[in-house]
Amino acid sequence: FDNNTSFDDVKIVANSDSQNAGYVLPVDEIWLPETEDLAKTTYTIVDETTVYNKLTRAVSQIVVHVKRVANENGKITEHPFPSGKDIADDIKEIRLDIDGVGEAVNISGGLGATKTKDILDEITEIDDNGFATFEGPFVFPMATNDETSVGISVIPSEDSLFPEMKTSVKGLLERNKKLEITLRIT
C-alpha cells in the first residue's frame, strides 16, 4: 500500500476455475463491515479505548431444498416418506451452474459479473418428512442488482426410479442473504 491506496482499492477476488473457462470457483465466508460508512469511520485514539464495528457476511449462499410431492388434479401436496426412508435414497448429487455471481468483493459490495459451478453431494439436513436440504456454495453478489440464473441438474442414485431432472430458476443474490430454492419432485 502507498498513500494513494483507498479502501475501494482493496478487494477480495474469487479464484478462476481452471476446469471451466469463464467461471470462478465458489468462495468462502467473508466478513466485512456492515456498511461502507462504518468501514470508513475514522477513530482518533489518544489513550486506552474500545472501537466497535458491526461485521456481516459479504457473500450470498445458495440453499436447495428437495421435497417429494403428489400432484392430484393440479393440486400439489407434500408426500412425506415412511419412517426410515428419505429423499436421499433417490439422489446422488445436485449440479448447479450459476450465471450471475460477482468476480470480487470490497467494502462497497460485489464487483463484476461471472459464473460458477458447484456439485451438492452432501445433505445438510433431513427433516421429519424425509425431505432434504443441501447448503450450496457461498458466492459474491454481482455489482448490479440483476437476477442470477441457476441451472439445476438432479442426478439420481443408481437404484432410483427417478430420471435425471433439469430445471433453471432465477433469483437475487444479495450480501448476507441466502437464495433458497425448493425443488418439488413428483
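Throughout what follows, the structure given in this document is the object of discussion. (Residues numbered from 1 in each chain as written. Predicted model: local features only at pLDDT ≥ 70, side-chain atom pairs only at ≥ 80, totals over all residues. Heavy atoms only, no water.)

### Here's the deal with the overall build of the protein
Within the protein one finds 1 helix and 15 strands. Seen through its principal axes, the protein has C-alpha atoms that stretch 70 × 40 × 30 Å. A buried classification covers 38% of the 186 residues belonging to the protein. The contacts of the protein with a sequence gap of at least 6 include a subset with a gap of at least 24, amounting to 67%. Accessible surface, the protein: about 11,600 Å² in total, of which carbon and sulfur atoms supply 44%. Separation of charge centres in the protein, based on 18 positive and 34 negative side chains, amounts to 5 Å. (Helix = DSSP H or I, 4+ residues; strand = E, 2+ residues; numbered from the N terminus. Buried < 20%, exposed > 50% of the residue type's maximum accessible area, 1.4 Å probe, protein only. Contact = heavy atoms within 4.5 Å. Areas by Shrake-Rupley, 256 points an atom, 1.4 Å probe, with all protein chains shown as cover. Lys, Arg positive; Asp, Glu negative; His and termini not counted. Charge placed at Lys NZ, Arg CZ, Asp CG, Glu CD.)

### Quick look at the packing of aromatic side chains
Enumeration over the complete set of coordinates arrives at 1 aromatic pair. Judged by centre distance (6.5 Å) and plane angle (75°), the rings of Phe-81 and Phe-131 are edge-to-face. Here the residue Phe-81 occupies a position in the loop between β6 (75-78) and β7 (91-101), and Phe-131 occupies one in the loop between β11 (125-126) and β12 (132-139), the gap between them amounting to 50 residues. If you follow Arg-68 out to its NZ or CZ, it ends over the ring of Phe-81, 3.9 Å from the centre. Directly above the aromatic system of Tyr-23 lies the positively charged group of Lys-117, at a separation of 5.1 Å from the ring centroid. (Phe/Tyr/Trp six-rings, centres within 6.5 Å; stacked < 30°, edge-to-face > 60°. Lys NZ or Arg CZ within 6 Å of the ring centre and 35° of its normal.)

### Side note on the nonpolar core
Ranked by internal contacts, the top residues of the largest apolar core, which has 34 residues, are Ile-62, Val-64, Val-66, Ile-94 and Leu-96. Of all the elements in the fold, those that place two or more residues in this core are β5 (60-72), β7, β12, β13 (148-156) and β15 (178-185). A total of 5 residues in this core trace back to one element, the largest contributor, which is β7. With near-sequence residues (within four places) excluded, Leu-96 lies in contact with Ile-62, Val-64, Thr-116, Lys-117, Asp-118, Leu-120, Pro-137, Val-150, Gly-151 and Ile-152. (Core = buried A, V, L, I, M, F, W, Y, C linked by side-chain atoms within 4.5 Å.)

### Points about the sheet that holds strand β8 (residues 104-106)
Hydrogen bonding along the main chain pairs the strands of a sheet, whether they run parallel or antiparallel. Here 3 strands make up an open sheet; going across it, the order is β1-β8-β9 and the pairing antiparallel. Looking along the sheet, the strands with just one partner apiece sit at the ends: β1 (12-13) and β9 (109-111). With 2 bridges connecting them, β1 and β8 associate as antiparallel partners. When the sheet's bridge partners are listed, Val-13 is paired in β8 with Ala-104. (Pairing = 2+ DSSP bridges.)

### Digging into the pattern of salt bridges
Taken as a whole and assessed by the stated rule, the structure comprises 7 salt bridges. Here Glu-78 and Lys-67 are joined by a salt bridge, their closest N and O atoms 3.2 Å apart. Within this pair, whereas Glu-78 is found in strand β6, its partner Lys-67 is found in strand β5, the two being separated by 11 residues in sequence. Glu-78 gets classed as partly exposed once you look at its relative accessible area, which sits at 42%. Assessed through its relative accessible area of 23%, Lys-67 is described here as partly exposed. (Salt bridge = Lys/Arg side-chain N within 4 Å of Asp/Glu carboxyl O.)

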